[in-house]
Amino acid sequence: MTAMIEARGLSLAIHGMPILRGVSFALREGETFGLVGESGSGKSMTALSLMRLLPEGAEASGEILLAGRDLMALGEAEMCDLRGREMAMISQEPMTALNPVQTIADQVAETLIVHAAARPREARRIALERLARVGLPPDAIPPDRYPHELSGGQRQRVAIAMAIALRPRLLIADEPTTALDVTTQAQILALLKGLVREEGMGLMLITHDLAVVAGMADRVAVMQEGRIVEEGDTESLFTRMRHPYTRALFEASAHQPERRPTARAEPLLVAEDVVREYRMPGLRLFGPAPRFRAVDHVSFTIHKGESLGLVGESGCGKSTLTRALLGLDPIDGGRIRLGGEEITAGRHMPARLRRRMQVVFQDPYASFDPRWKVGRLVAEPFHLLETPPEDPAARVAEALADVGLPADAADRYIHEFSGGQRQRIAIARALVLKPDLVILDEAVSALDVSIRAQILDLLADLQARLGLAWLFISHDLNVVRAITDRVLVMQAGRIVEEGETERVLTAPEHPYTQTLIKAAPQIPAAWRKALHG
Amino acid sequence: MIRYLARRLLSLALSLIAASIVIFAVIEIIPGDPAAYMLGLNASPEAVAALRDQLGLNGTAFSRYLDWAGGLLQGDFGQSYTYRVPVAELIGERIQVSLPLAAYALVLTVLIAFPVGLIAAARRGRPADWGIMAATQLGIAIPNFWFAMLLVLLFAVKLHWFSAGGFPGWEGGLAAGLKALTLPAIALALPQASILARVMRSSLIDTLHQDYIRTARAKGLTRRQALLRHALRNGLIPVLTIMGLQFSFLLAGAIIIENVFFLPGLGRLIFQAITQRDLIVVEGVVMLLVFAVIVVNFMVDIAYGAADPRLRRRR
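Description of the structure in this document. For every chain, the first residue of the written sequence is number 1, and numbering continues from 1 onward in sequence order. All chains are assigned letters beginning with A, and all ligands numbers beginning with 1, in the order in which they are written. For this predicted model, a pLDDT threshold of at least 70 governs which residues receive local features, and a threshold of 80 or more governs which side-chain atom pairs are given and counted, while totals over whole chains, interfaces and linings are taken from all residues. Derived side-chain values reflect all non-hydrogen atoms in the structure, with water molecules and hydrogen atoms excluded from consideration.

With that settled, the discussion passes to empty space enclosed by the protein. Here a cavity is any set of points on a 1 Å grid over the protein atoms alone where a 1.4 Å probe fits but cannot get out, and a pocket is any open set with protein on both sides within 12 Å along at least 5 of 7 lines; a residue lines the site when it has an atom within 4 Å of a point. Grid points are joined across faces, edges and corners, and a volume is the space filled by probe spheres set on the points. Under the definition given, this model contains 3 cavities of 30 Å³ or more. Approximately 60 Å³ is the volume found for the largest cavity. Only β6 (87-90) and α5 (152-164) of chain A together with α9 (211-218) of chain B provide two or more residues apiece to the lining of the largest cavity. Going along the chain from the N terminus, every DSSP run of H or I of four or more residues is numbered as a helix, and every run of E of two or more is numbered as a strand. At 3 residues, the largest contribution of residues to the lining of the largest cavity is made by α5 of chain A. Of the residues belonging to the lining of the largest cavity, the class tally is 6 nonpolar, 1 polar and 1 charged. Each pocket or cavity is described by its volume, and for the second largest cavity that value is around 50 Å³. Along the walls of the second largest cavity sit Val182, Val311, Gly312, Glu313, His475, Leu477 and Leu516 of chain A, which together make up its complete lining. Amino acids outside the nonpolar list (Ala, Val, Leu, Ile, Met, Phe, Trp, Tyr, Cys, Pro) and the charged list (Asp, Glu, Lys, Arg) are all regarded as polar, and Gly is one of them.

What follows deals with the packing of helix α5 (residues 87-122) of chain B against helix α10 (residues 223-252) of chain B. All names here are of chain B. Helix axes use the C-alpha atoms of the stretch in contact, all axes being lines fitted to C-alpha atoms, and the angles between their N-to-C directions lie in the range 0 to 180 degrees. Interhelical geometry of α5 versus α10 gives an angle of 150 degrees and a closest axis separation of 10 Å. On the basis of the axis angle, α5 is roughly antiparallel to α10. The two elements α5 and α10 meet at a crossing, and its hand is right-handed. Where α5 approaches α10, its residues Ser98, Leu99, Ala102, Ala103, Ala105, Leu106, Thr109, Val110, Phe114, Leu118 and Ala122 are matched on the opposing element by Leu227, Leu228, Leu232, Leu236, Val239, Met243, Gln246, Phe247, Leu250 and Leu251. Within the contact of α5 with α10, the residues separate by chemical class into 18 nonpolar, 3 polar and no charged. Small angles under 35 degrees read as roughly parallel and large ones over 145 as roughly antiparallel, with 65 to 115 read as roughly perpendicular and the rest as oblique. By convention, the crossing between two helices is left-handed when the near helix turns anticlockwise from the far helix through less than a right angle, and right-handed when the turn is clockwise. Contacts: residue pairs with any heavy atoms within 4.5 Å of one another.

Our focus in this paragraph is the sheet that holds strand β14 (residues 333-338) of chain A. Residue and element names in this part refer to chain A. Between any two strands, pairing holds if DSSP finds at least two bridges. Ordered by their spatial adjacency, 4 strands build an open sheet running β12-β11-β14-β15, and the pairing between neighbours is antiparallel. Strands at the two margins of the open sheet, each flanked by one partner only, are β12 (291-303) and β15 (341-342). Pairing of strand β11 (residues 267-279) with β12 involves 9 bridges; the strand directions are antiparallel. Looking at the pairing, Arg276 lines up with Val295 of β12. Contacts between helix α10 (residues 318-325) and the sheet are confined to β11, β12 and β14, with β12 contributing the most and set at about 60 degrees to the helix.

Moving on, we come to the interface of chain B and chain A. Accessible area lost during the coming together of the parts is what is often quoted as the interface size. Between chain B and chain A, the residue contacts involve 24 residues of the former and 32 residues of the latter. Regarding the contact of chain B and chain A, the summed buried area is about 2600 Å², with carbon and sulfur atoms giving 53% of it. The rule for a salt bridge is simple: a side-chain nitrogen of Lys or Arg has to be within 4 Å of a carboxyl oxygen of Asp or Glu. Inspection of the region where chain B meets chain A yields 4 salt bridges. Glu76 of chain A is paired through a salt bridge with Arg217 of chain B; the nearest N and O atoms lie 3.1 Å apart. Put simply, the parts of the chain that give the side of chain B that touches chain A at least two residues each are α1 (2-29), α9, α10 and α14 (309-312) of chain B. Looking at the side of chain B that touches chain A element by element, the count peaks at 6 residues for α9 of chain B. Grouping the amino acids of the side of chain B that touches chain A by side-chain chemistry returns 6 nonpolar, 6 polar and 12 charged. Joining two parts hides part of their accessible area as seen by a 1.4 Å probe, and the buried area is that hidden amount summed over both.

Have a look at this one:
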């Protein structure tokens, strides 16, 4: 079979910085081709090179052959004609990938209209058909909705409908499910699979997640620093893994840090019957506004030195619960006590209570003031002390050493650090007051697998040395399995299952937990065995 | 949308009440006797007392406020002390010049700023963009009265296309009236257009970096199509905000231009009223300007709702 699209010796530099170094691959009609790698490996730039939509300052060389025709030799007008008709692309962020001020039907129809494939009325009819094909039938999801009226998964379906409106031969999906929940991810992946089968298009699936390609791709290529280091059909690549980088990625994605149990019987944080409601932007001018119960009679206990996991999909109330635990928002019912003292939101909460609990968020960059040096950032919690420490610099240096950073890191700014280092700094800031409990809210979700493995090791080590308790909030079941003793499963504001992590993940009792575990992509066990055997 | 409108209307009414209280308080309650202030240092106590009576300054502040605000609602702004005519009548005459002038200048501003901003955004970083940025910088830096005088020298003195100043009144016909307002409107519009074009450019450039522009390009839209179909409407929100501010400014801020062109507008009225200490006129004109600003902001809010469906449902 001949290749539908082929890259030959594709190289790319942006403002003189080499990004791609001689990338070559070929994709056949009706085939799913997985491109795997960590951030900065050049996956997305490969996709943008194929579409010839590179950012300013980019210089590409090499050949890109679409059905034998070299795209690099085409002018912009010819490329505009090909984009959307022969090749289409969907990207990672369904929240920002759609025009917020245009209805979804208009956005899908536009693909047909700009290619003069249909008149407006006909284009709308086809658009509704395509929306129905991607699981948004007009009677359930009115086509005159705006993107902000849809969920993340629904928006990604709209983006797919736009991309496939003209039945292109090639669909490039750049991390199409990374921003979605596991159950939504499973649905979107199933949709893409069905489209490839029915429409016979080629799918180039770009992802950082080995388990996703394992279940989807016919062939896989692994990228590192702008090169394809290994390529082959999916099963043989997963069972052999000739290149050390592929192997390292694989090991890191299933990394289990060495932990020894530090949990004691003594309760540290006790939540009883916690309720938290929000006023909804209701439709009435007068009268009580309808209320939304984000946290619904939640009770649990974190013991000293214990690592407790909290899993659930977006919107289930995890973040609301976190804010209540930290005393940032008042609760509408129940009690939260830390070491026997009641947590109340606002000024009533004494500083000595606040300093026993610290938090680390998902985005390490957004949670720091970029104009402060790291030393000042890490020292910030000192304001919770009645008397400042005698030697704050030494305390900061100690906290930085705890997370494996040199003392001179204190004199630098946050932008000088990589994502993994920033997360270490966030952990150092949480540790500097020697708290009893640290809440990690999706703290490793934005990190590459190899960095994530290092941070997990760090967390396991810190817990063993300092006897800390973690509340580990994540949507990633693998991570929860690696780092927690017990786990809570949250759905629609309620805790639906609770128990030892290993037991809950291997023999889930609640149907929701079962759905979650089933939806999480897995590398087939037989392949794992073949690799290690 | 109805709910959104109702909320905006409520906020409009509350702003007006708050503004009237502040204006009333500033002019009447703050230390000093308005009547004595208006009559100057040499006034006899009898004259002051008579004026106090005429101004309705006897009674509690609250009852005087109610009288004044009640009058405003019926279009009664009081009696001008210097002109000896109802303030409403004075305002009615002057607004026939100021409102058309402001509207004319705003139309010119938009007609200049939109295409210029669009071109600069489409050609960003290229010579056309540099040229536009330099020209708008100059447009902001040149004082508008000086530019007005240049216009008079060229078009009135040298070419005799327009008269150098004055306003014939609308009785002479729409064309004559508009002709008299053309040079002042250009002088007013130029700096505003320079500002608006820059706002438009930077707003569009921000929008062009959004993911949905890349999505549009991946669908096969050309750069120009992506700009006009997707970036323009999204980039319009900050532009609308600035336009609202500019209209208020054009209405009230034309004092110097009205003086250069001898136009009998509100700006000159308030300027004269202040120098003549005619506080009743000042009070009335200020209240009217505040009313205009608040109504314009209300219209801008409505325009937001029309431009961005996400705002319609929010508080």
